[in-house]
Number of protein chains: 2
Amino acid sequence: HRPPCTDFDVAYFHSYSHLGIHHEMIKDRVRTETYRDAIMQHQSFIAGKVVVDVGCGTGILSIFCAQAGAKRVYAIDASDIALQATEVVKANNLSDVVLVLHGRVEDVEIDEEVDVIISEWMGYMLLYESMLGSVITARDRWLKPGGLILPSSATLYMAPVTHSDRYSDSVDFWRNVYGIDMSAMVSLAKQCAFEEPSVETITGENVLTWPHVVKYIDSYSVTINELESVTANFKFNSMMRAPLHGFAFWFDVEFNGHAISSTNYHLATPFIDNHQMNGGQRKKKSNSNEALVLSTAPEDPPTHWQQTLIYFYDPIDLEQDQVIEGLVRLSQSKENARFMNIHLQYTTGGRSFVKESVMR
Amino acid sequence: HRPPCTDFDVAYFHSYSHLGIHHEMIKDRVRTETYRDAIMQHQSFIAGKVVVDVGCGTGILSIFCAQAGAKRVYAIDASDIALQATEVVKANNLSDVVLVLHGRVEDVEIDEEVDVIISEWMGYMLLYESMLGSVITARDRWLKPGGLILPSSATLYMAPVTHSDRYSDSVDFWRNVYGIDMSAMVSLAKQCAFEEPSVETITGENVLTWPHVVKYIDSYSVTINELESVTANFKFNSMMRAPLHGFAFWFDVEFNGHAISSTNYHLATPFIDNHQMNGGQRKKKSNSNEALVLSTAPEDPPTHWQQTLIYFYDPIDLEQDQVIEGLVRLSQSKENARFMNIHLQYTTGGRSFVKESVMR
C-alpha cells in the first residue's frame with residue numbers, strides 16, 4: 001500500500017505547488033466545464049454521498065461536488081497546493097463538507113468507505129505523468145461496491161498525420177537563410193525538432209485516417225500492472241495522397257455510470273463492444289448513449305493537453321489507400337520512472353522503420 | 001587571460017548546441033536584417049580587412065562579413081554549433097575566408113591583429129547571460145587601434161508601466177473562478193506571477209513616461225569591472241493618471257563607427273552628450289546622425305528579446321505628474337554567476353518600496 005516517496009515524486013509534487021499550472025488547467029474551459037457538467041449530470045447519485053477527489057489541486061472539483069450535494073468530500077493532494085485548497089474551502093464556508101488531506105493517496109487515512117471517486121488525472125498523451133495510479137490506489141482502498149468513478153473510462157488514440165508547414169518551418173528553413181545555403185544544418189535540425197515527442201495543436205485536416213485505439217482504460221477494472229507497458233498493433237489505410245510526417249496521439253475520457261445506467265456498472269460495461277477492443281479502427285465519437293465526453297481530438301475545441309506528435313525524420317509519400325501497419329509500445333523509462341518511452345515500428349510501401357523516443 | 005571553464009559555462013555553451021535557439025534568433029528579422037544592414041553600411045571599412053565574430057553560432061554574421069569583402073573572418077564559438085558552422089562555411093565555398101574556431105575567446109589563438117569585431121552578444125535585459133565579457137576579451141586581445149566594433153554601443157532603458165490586463169489575468173482571475181471565490185489564492189498568485197522578472201511583449205501604450213538610461217555601454221571602452229554591478233538612480237514624472245504595475249526594461253544597440261565618422265572613434269565619442277549620461281531622461285530615438293539602431297523598445301517592432309518586466313505585488317495608483325524616484329542595481333548573483341540580481345527601490349506618493357528579484 002505504501003511505496004516510498006521517491007525524489008521524482010517530490011519533484012513532481014513540488015511542480016504542482018506553483019500556481020501557474022493550476023491557473024492554466026482551470027482556464028481550460030473545455031476541461032473544467034466538462035468536469036462540472038459531469039458532476040451535475042451525476043448529481044442524483046452524488047447527493048448525500050461520500051466523495052474522494054484524487055489530486056484535488058486548488059479544490060475546484062471538490063467544491064463542485066459539494067455544490068452537487070455531497071455529504072463529505074475528501075480532497076487529497078500531496079503538493080503544497082493543498083494548503084491553499086484548505087483556505088479556499090474555508091473562505092467558501094465548506095469546511096464541514098470538504099476535508100483537505102495533504103499527502104499521497106497511499107499515505108492519508110480515510111475511516112470510511114466512499115461512494116464516488118473523482119479525479120482529473122490525465123497527462124499529455126493520456127499516460128505521461130498521469131495520476132491514474134493514485135486513482136487505482138484510492139479505488140482499491142476505499143471505493144464501495146457499486147460506487148462511481150468519474151471519469152469512468154479513458155481512451156488513447158493515434159492516427160497518421162501530414163503537416164508540411166511544420167516540417168518545412170523546422171527543416172526546409174535551413175535551405176535558404178537570408179540567401180545563404182545552410183542545408184548543412186538539416187540533419188541536426190531534424191534531430192532537434194523531431195527526436196522527442198512534441199506537444200502541439202493540430203487540426204482535423206492534418207489527420208489522414210480514422211484514429212486507432214491504442215489503449216482503452218476502464219476506471220473500474222484497470223490495474224497498475226497493465227499500465228507498465230501498453231502495446232498496440234495498428235493498420236491504417238490512408239484516405240488521401242499526402243506526405244506522411246508522423247503520428248498524432250490524443251485521448252478522450254467518458255463520464256458514464258450510474259446516472260446513465262441504474263444497474264451496477266460492473267455488470268453493464270456498456271462500452272467494451274463499441275470500442276472494438278481488439279485493435280479495430282474506431283469511428284470517432286461513436287457514443288451510442290449520451291455520456292459526457294471530454295475530448296482532446298484534433299477536430300474538437302483545443303485544450304491545454306493539445307495533441308502529442310511523433311514526427312519522422314523524413315516524410316513518406318503516401319498514395320491514396322496505402323497501408324501503414326505496425327505497432328506502438330508505451331512503457332515506463334528505466335532512467336526516470338516519470339519518463340515515458342515510446343517505441344514505434346511501422347511498415348508502408350515495402351519499407352520498415354523504427355522510431356524510439358522518450359517523453360521527458 | 002584564461003579563467004577556468006566552470007560548470008555553468010559548460011551548461012551555457014551546451015544550451016546553444018541545440019539548433020532551436022539559433023532558429024529562433026535567425027528568424028528574428030529585426031535582429032538579423034539590422035546586423036546585415038550594419039555590415040553592408042560598413043562595407044567600405046570591412047572590405048579587405050580581418051574580422052572576428054564572437055559567438056558566431058551558425059556563422060551567419062561571419063558569412064555576411066565575407067559577402068561584404070572581408071579578407072578573413074575568425075568565427076569563434078565554444079558551443080558545438082561551431083561544428084555545424086564549419087559545414088555551412090564549407091558548403092558555401094568560403095572555407096578560405098571564414099575560419100571557424102571551436103572554443104572560448106579566452107582559449108583560441110589568432111596570430112594576427114584584427115580590424116573588426118562583430119558580435120550579437122546581447123541577452124534578455126541586455127546583460128542577462130550576455131556575451132559582452134567575451135567581446136571585451138576579444139577586443140583587448142586582438143583589436144587594432146582604430147579598429148571597428150559592431151555594435152559600437154548599447155543602452156539599457158527602464159520606464160514605469162501600467163498593465164491592468166496582465167495583472168488582472170494573473171491576480172483578479174482568482175476572485176471568481178466558475179462562480180467560486182478563490183481569493184485565498186491571491187497572495188500566492190502574486191508571488192508566483194510577479195516574484196521573478198518576466199520576459200514578455202508590451203506596447204508603447206503600457207509605458208507611462210519617457211524611458212530612463214540605466215546603463216550606456218561604449219563597446220570601445222567598457223570594462224569587465226564596470227559590468228559586475230550596475231547602479232542607476234531614476235526619477236520619473238508620470239505622464240498620466242494610471243495604476244503603476246511595475247517597471248519595464250529594454251535596450252537598443254547602435255552600429256556607429258568608421259562608416260559614419262572618418263576620424264578615430266575614440267576621439268569622436270559622438271554619443272556621450274546625446275545620452276545625457278548623468279541619469280537624465282533621454283528622448284527616445286534621439287540619434288542625431290544616421291547610425292543604424294537595433295531597438296527592442298515597446299514602441300518598435302517586436303524581437304525575440306521582447307521586454308523584461310518587473311511587476312510589483314500590488315499596483316500603485318498614480319496621479320498625473322506624480323513623481324516616482326529611486327534606484328536600480330543589477331549585479332551578478334553569488335548563487336550562480338549566470339543569474340542576475342535586480343534590486344529596485346522606489347518612492348512615490350510618500351511611500352517607499354523595495355523589490356528584490358533574480359533572473360535565472
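The preceding data block contains the structure.
Treat the numbers as computed from the prediction; the structure is a model and nothing was measured.

**Q** Can you explain the overall build of chain A? Please cite residues and give values.
**A** Secondary structure assignment for chain A yields 11 helices and 15 strands. Its C-alpha atoms give chain A a radius of gyration of 22 Å, within 12% of the compact-globule value 21 Å for 360 residues. Viewed in the frame of its principal axes, chain A has a C-alpha envelope of about 70 × 40 × 35 Å. On chain A, roughly 14800 Å² of surface is accessible, and the fraction owed to carbon and sulfur atoms is 47%. Once the 29 positive and 45 negative side-chain charges of chain A are each reduced to a mean point, those two points are 2 Å apart.

**Q** Mind laying out the interface of chain A and chain B, listing which residues take part and the relevant values?
**A** A common way to report how large an interface is uses the accessible area buried once the components associate. Contacts between chain A and chain B engage 37 residues on the former and 37 residues on the latter. Buried area between chain A and chain B, both sides added, is near 3200 Å², and the carbon and sulfur share of it is 73%. By the criterion of area lost to chain B, the three top residues of chain A are A:Leu19, A:Tyr178 and A:Ile180, representing 23% of everything that side buries. Joining chain A to chain B, the criterion identifies two salt bridges. Linking chain A with chain B are six residue pairs in polar contact (both at pLDDT 80 or more), by the criterion used here. Looking at the side of chain A that touches chain B, the elements that each hand over two or more residues are helix H2 (19-27), helix H3 (29-41), helix H5 (60-67), helix H6 (81-91), helix H8 (164-170) and helix H9 (186-194) of chain A. In the side of chain A that touches chain B, the residues fall into 19 nonpolar, 10 polar and eight charged.

**Q** Residue-level account of the side chain of B:Lys190, with values.
**A** Residue and element names in this part refer to chain B. With respect to the helices and strands, the residue lysine 190 is situated in helix H9 (residues 186-194). Accessibility expressed as a relative area gives 15% for lysine 190, which makes it buried. Once residues within four sequence positions are removed from consideration, lysine 190 is found in contact with Tyr167, Val171, Glu195, Tyr313 and Asp314.

**Q** Give a detailed account of the relation of the copies chain A and chain B, specifying residues and quantitative values.
**A** Note: a rotation about an axis with an accompanying shift along it relates these two copies of the chain. Expressed as a screw operation, the relation of chain A to chain B combines 0.0 Å of axial shift with a rotation of 180 degrees, fitting to an RMSD of 0.0 Å. When the rotation and shift are considered jointly, the pair of chain copies conforms to a two-fold rotation axis. Taken as a fraction of all interface residues of chain A, those also at the interface in chain B reach 100%, which identifies the copy contact as same-surface.

**Q** Describe in detail the sheet that holds strand E1 (residues 50-54) of chain B, supporting the description with residues and values.
**A** Residue and element names in this part refer to chain B. Judged by pairing direction, the sheet is parallel, and its five strands sit side by side in the order E3-E2-E1-E4-E5 without closing on themselves. Of all the strands in the sheet, just strand E3 (98-102) and strand E5 (143-150) have a single pairing partner and so form its edges. For this sheet the average axis-to-axis angle between neighbouring strands, irrespective of direction, equals 20 degrees. Here E1 runs beside strand E2 (residues 72-77); their pairing, made up of five bridges, is parallel. Residue pairing in the sheet places valine 50 in a bridge with arginine 72 of E2. Most of the contacts of helix H7 (residues 132-142) go to E5, to which it runs at about 155 degrees, and overall it touches E1, E2, strand E4 (114-119) and E5.

**Q** Before we move on, could you go through unusual backbone geometry and cite the residues and values that matter?
**A** For residues other than glycine, phi is negative in most cases, and the peptide bonds are mostly trans. The omega angle of the peptide bond from A:Leu150 to A:Pro151 is -5 degrees, so this bond is cis rather than trans. Following the sequence through the fold, A:Pro151 ends up in the loop between strand E5 (143-150) and strand E6 (153-161). Positioned with a positive phi, A:Asn93 is a non-glycine residue whose angle comes to about 55 degrees. Mapped onto the fold, A:Asn93 is located in the loop between H6 and strand E3 (98-102). One non-glycine residue, B:Leu126, lies in the positive phi region at around 65 degrees.

**Q** Explain H2(A) to me, using residue names and the numbers behind them.
**A** Buried residues of H2(A): A:Leu19, A:His22, A:His23, A:Met25 and A:Ile26, and no others. Buried positions in H2(A), seen along its axis, are confined to an arc of 170 degrees and lie on one side of it. For H2(A), the elements touching its buried residues are H3, H5 and H6 of chain A together with helix H8 (164-170) and H9 of chain B.

**Q** Could you give an account of the sheet that holds strand E14 (residues 340-348) of chain A, with specific residues and numbers?
**A** Residue and element names in this part refer to chain A. Reading across from one edge, E9-E13-E14-E15 is the order of the four strands in this open sheet, with antiparallel pairing throughout. At either end of the open sheet lies a strand with only one pairing partner, and these are strand E9 (229-237) and strand E15 (351-359). The sheet shows a mean angle of 15 degrees between the axes of neighbouring strands, taken without regard to direction. When E14 meets E15, the two strands line up antiparallel, connected through nine bridges. Opposite leucine 344, over in E15, you have lysine 355 as the bridge partner.

Quick notes on the rules
Sequence order sets the numbering: in each chain, residues are counted from 1 along the sequence as written. Ligands are numbered from 1 and chains lettered from A, in the order in which they are written. For this predicted model, a pLDDT threshold of at least 70 governs which residues receive local features, and a threshold of 80 or more governs which side-chain atom pairs are given and counted, while totals over whole chains, interfaces and linings are taken from all residues. Excluding hydrogens and water, the side-chain figures rest on all heavy atoms present in the structure. Segments assigned H or I by DSSP are reported as helices when at least four residues long, segments assigned E as strands when at least two residues long, and all are numbered from the N terminus. This radius of gyration counts C-alpha atoms alone. The globule rule is 2.2 Å times how many residues there are, raised to the power 0.38. All accessibility values rest on the Shrake-Rupley procedure with a 1.4 Å probe; residue burial counts only the protein chains present in the view. Only four residue types enter the tally: Lys and Arg on the positive side, Asp and Glu on the negative side, with His and both chain ends excluded. Charged side chains are reduced to one point each, which is NZ for Lys, CZ for Arg, CG for Asp and CD for Glu. Whether two residues are in contact is decided by their heavy atoms: any pair within 4.5 Å suffices. Summed over both partners, buried area is the accessible surface (1.4 Å probe) that two parts give up on being assembled. For this analysis, a salt bridge means a side-chain nitrogen from Lys or Arg found within 4 Å of a carboxyl oxygen belonging to Asp or Glu. N or O atoms closer than or at 3.5 Å make up a polar contact, with two conditions inside protein: a donor-capable atom paired with an acceptor-capable one, and, for residues adjacent in sequence, both atoms drawn from side chains. Amino acid classes used here: Ala, Val, Leu, Ile, Met, Phe, Trp, Tyr, Cys and Pro are nonpolar; Asp, Glu, Lys and Arg are charged; the rest, including Gly, are polar. For every residue, the accessible area (1.4 Å probe, protein chains only) is compared with the maximum for its type, and the residue is labelled buried under 20%, exposed over 50%, or partly exposed between those bounds. Least-squares superposition of the copies uses the C-alpha atoms of those residues scoring a pLDDT of at least 70 in each of them. For two strands to be treated as a pair, DSSP must find no fewer than two bridges joining them. Here an axis means a line fitted to C-alpha atoms, over the contact stretch when the element is a helix, while the angle between two N-to-C directions is reported on a 0 to 180 degree scale. This arc corresponds to the set of directions leading from the helix axis out to the C-beta atoms.

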